[in-house]
Amino acid sequence: MGFMLAAAGSAVGLGNIWKFPYMAGQMGGSVFVLTYLVCMFVIGLPILVTEWLIGRRGQKNPIHTMEDVAKAEGRSANWRWVGIIGVLGSFLILSFYSVIGGWATDYIFLAGKGTFLGMNGEGTNRIFSEFLGSVNHLLIWHTVFMFATAVIVAMGVSGGLERSCKIMMPGLGLLLIGLVVYAAVVSGPAFGQAFSFLFTPNWSALTGEAVLAALGHAFFSLSLGMGIMMAYGSYLGKDVNLISTARTVVILDVIVAILSGLAIFPLVFANGLQPGKGAGLIFVTLPIAFGNMTGGTILGVLFFIFLTFAALTSSISLLEPTVELLEEKTPLGRKSATLLSSVVIWALGVACVLSFNEWQNVTLFGKNIFDLLDYFTSKLMLPLTGLGTIIFAGWMMNQETIRRELNLSPALFAGWKFLCRIVIPIAVIFILIYGFMD
Ligand code: TRP
């Protein structure tokens, strides 16, 4: 139970509620959504199982786990690079994750002050642009969020956090369901429009970019490719059924993402907003709902509190690998290791904050700093390390031991092997190459 909470806590976060809807909006909707669903179950789930399986064997941090398991299987210790790139990636992701976590935190107060009362899309848009333009504002909340993450990690992941998760997560789920119902009631025909935008296949929007984004997002959303799930695997008992546990985590994660989409897009269409608006999408749509429903102020405050918590349970999982590594590799203790890594990540986050205003025009390959960080991690590093993990498990490890560990019949395991050895590697390589050419 504790393990499920930790794994689901890491997986369910800003990726589901903030990132999934805005990416779906930018990539033309249904084709992205359907590809994402396929990637979650066909590619994400087996890699999740594989990370846990390797982590349970290795019982250490991701780098040493990869090294030890590789040696035990008679393979090169260089497989540790899968772990190294993973730690580097989690570090980079946290720098922009904390900035967005800061947005969510600030919106608790904006909602509480009644800022959105009676507002339409134009109003919420204006509030959000003013917010993005204010460096100090963004900086303060990014700092607060990063500080909270660091304090929790420095204290060691505490029982208190776990307990509050048990309330916050179901609360978030209930509120999301409520918002979907609200959106369906008030937006009339726009709900149907949103539904078909998300689910009726629109093959003309099928581009290499959309497929690559969907794959990258499946990795991001399940916290894969960064050794995080591998690290969690070291806490798993031998008796835990990896496949059914993974299935539960994937289904939960998908449900939260889809509910967010169903809450947001009817409001987008009913208020004449642009689905492809980008990173601000949830911050301009949901406040319209909170500003116009009875009890909206309280519900808005609650929603952004839950969102901040969901973000925190993910951000601590992003900080943990770097801290663990510094603790083991340097004379630093847990507290100083946390301090050092947080300060460096925070500083990178500042660059990310500036990319929304002062440094908007500082670009490389036509992307600003925020886009660049997101692109390199979600679309390149996560799929690459995921590919490394699955090739390692499919081709380098003893297959009979894996079969017994997964408790699969020989026939089912043949299917599993085919998936891990052939289908997933080819799909990921193909998508990576295609992404480069696009
Ligand atoms: N999965 C989290 C989300 O959806 C983000 C996250 C936490 C993550 N840990 C990660 C992403 C590790 C990639 C790798 O918000």
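Above: the structure in question.
Since the structure is predicted, the reported quantities are computational estimates derived from the model, not experimental observations.

**Student:** Can you tell me about the overall build of the chain, naming the residues and giving the values?
**Tutor:** For the chain, the helix and strand inventory stands at 18 helices and zero strands. A compact globule built from 438 residues would reach a C-alpha radius of gyration of about 22 Å, and the chain, at 21 Å, matches this within 12%. In terms of its C-alpha atoms, the chain occupies a principal-axis envelope of roughly 65 × 50 × 45 Å. Put simply, of all contacts in the chain between residues at least 6 apart along the chain, 81% involve residues at least 24 apart. Total accessible area computed for the chain in this model is approximately 16,900 Å², and 68% of it derives from carbon and sulfur atoms. In the chain, 23 side chains carry a positive charge and 21 a negative one; their mean positions are 7 Å apart.

**Student:** For the site of the ligand, give the residues involved together with the corresponding values.
**Tutor:** Around the ligand there are 17 residues in total, and A11, G15, Y97, F220 and S223 lie nearest to it. The separation between a nitrogen atom of the ligand and a polar main-chain atom of F220 is 2.8 Å. At a separation of 3.3 Å, a nitrogen atom of the ligand approaches a polar backbone atom of S221. Here the residues of the shell around the ligand sort into nine nonpolar, eight polar and no charged.

**Student:** Help me get a handle on the nonpolar core, residues and values and all.
**Tutor:** Of all hydrophobic cores here, the largest spans 152 residues; its most connected members are W18, W52, W103 and F303. Among the elements that line this core, the one with the most residues is helix α12 (residues 242-270), at 16 residues. Residues within four places of W18 in sequence aside, it is in contact with F96, I100, W103, A279, I282, F283 and F370.

**Student:** How would you summarise the packing of aromatic side chains if you had to cite specific residues and measurements?
**Tutor:** Any aromatic ring pair is given by two values, namely how distant the centres are and how the planes are angled relative to each other. This model, assessed by the stated rule, comprises 30 aromatic pairs. For the pair F20 and F32, a centre-to-centre distance of 6.1 Å together with 40° between the ring planes defines the contact as tilted. With F20 in helix α2 (residues 14-26) and F32 in helix α3 (residues 30-58), this pair connects stretches of sequence that are twelve residues apart. Judged by its relative accessible area of 1%, F20 is buried. Considering the side-chain rings of F303 and F304, the 5.2 Å spacing of their centres and the 85° angle between planes classify their relative orientation as edge-to-face. An identical accessibility class is assigned to F303 and F304; each is buried. Sitting over the face of the ring of Y375, K367 holds its NZ or CZ atom 4.6 Å from the ring centroid.

**Student:** With reference to specific residues and values, describe the pattern of salt bridges.
**Tutor:** Summed over all chains, the structure comprises twelve salt bridges. The salt bridge partner of E67 is K71, with a shortest N-O separation of 3.7 Å. In this pair, E67 and K71 are both assigned in helix α4 (residues 62-72), four residues apart and thus about one turn of the helix distant. R334 is the partner of E320 in a salt bridge, and the nearest nitrogen-oxygen pair spans 2.9 Å.

**Student:** I'd like a description of helix α16 (residues 369-396), backed by residues and values.
**Tutor:** Along α16, the sharpest kink reaches roughly 30°, centred on M381 and followed within four residues by the proline P383. Within α16, 22 of the 28 residues are buried, which leaves it mostly tucked inside the rest of the structure. For α16, the N-terminal capping position is held by N368, with its side-chain oxygen 3.1 Å away from the main-chain nitrogen of F370.

**Student:** Could you give an account of unusual backbone geometry, with specific residues and numbers?
**Tutor:** The phi torsion at Q59 lies on the positive side, around 60°, for a residue other than glycine. You can call Q59 partly exposed: its relative accessible area is 46%. Phi is positive for S223, close to 55°, though the residue is something other than glycine. Tracing the sequence through the fold places S223 in the loop between α10 (208-221) and α11 (228-233).

**Student:** Hey, could you go over the side chain of R403 for me, with residue numbers and the actual values?
**Tutor:** Here R403 is to be found in helix α17 (residues 399-406). From its side chain, R403 meets the backbone oxygen of L408 in a polar contact 2.8 Å long.

**Student:** Quick one: what's the story with helix α13 (residues 281-292), residue by residue and with numbers?
**Tutor:** Quick reminder: α-helices carry 3.6 residues per turn. Residues three or four places apart thus point the same way. Look at α13: 18 Å from first C-alpha to last across twelve residues, which is about the 16 Å you get at 1.5 Å a residue. Burial runs high along α13: eleven of the twelve residues are buried. When we look at burial in α13, the residues that qualify are L281, I282, F283, V284, T285, L286, P287, I288, A289, F290 and G291.

**Student:** Quick rundown of a nonpolar patch on the surface? Include the residues and the values.
**Tutor:** Side chains of W395, F418, I422, I426, F430 and Y434 sit close together on the surface and give an oily, nonpolar patch of about 640 Å² of accessible area. Sort the elements by how many residues they give to the nonpolar patch and helix α18 (residues 410-437) lands first, with five residues. Inspection of the secondary structure puts W395 in helix α16. Residue W395 is classed as partly exposed on the basis of its relative accessible area of 41%.

What counts as what
- Residues numbered from 1 in each chain as written.
- Predicted model: local features only at pLDDT ≥ 70, side-chain atom pairs only at ≥ 80, totals over all residues.
- Heavy atoms only, no water.
- Helix = DSSP H or I, 4+ residues; strand = E, 2+ residues; numbered from the N terminus.
- Rg over C-alpha atoms; globule rule 2.2 N^0.38 Å.
- Contact = heavy atoms within 4.5 Å.
- Areas by Shrake-Rupley, 256 points an atom, 1.4 Å probe, with all protein chains shown as cover.
- Lys, Arg positive; Asp, Glu negative; His and termini not counted.
- Charge placed at Lys NZ, Arg CZ, Asp CG, Glu CD.
- Near = heavy atom within 4 Å.
- Polar contact = N/O pair within 3.5 Å; in protein donor to acceptor, adjacent residues only side chain to side chain.
- Nonpolar A, V, L, I, M, F, W, Y, C, P; charged D, E, K, R; others polar.
- Core = buried A, V, L, I, M, F, W, Y, C linked by side-chain atoms within 4.5 Å.
- Buried < 20%, exposed > 50% of the residue type's maximum accessible area, 1.4 Å probe, protein only.
- Phe/Tyr/Trp six-rings, centres within 6.5 Å; stacked < 30°, edge-to-face > 60°.
- Lys NZ or Arg CZ within 6 Å of the ring centre and 35° of its normal.
- Salt bridge = Lys/Arg side-chain N within 4 Å of Asp/Glu carboxyl O.
- Bend = angle between axes of the 7 residues up to and from the residue.
- Expected span 1.5 Å × (residues − 1).
- Patch = residues over 30% accessible without salt bridge, like charges linked within 9 Å, V, L, I, M, F, W, Y side chains within 5 Å.

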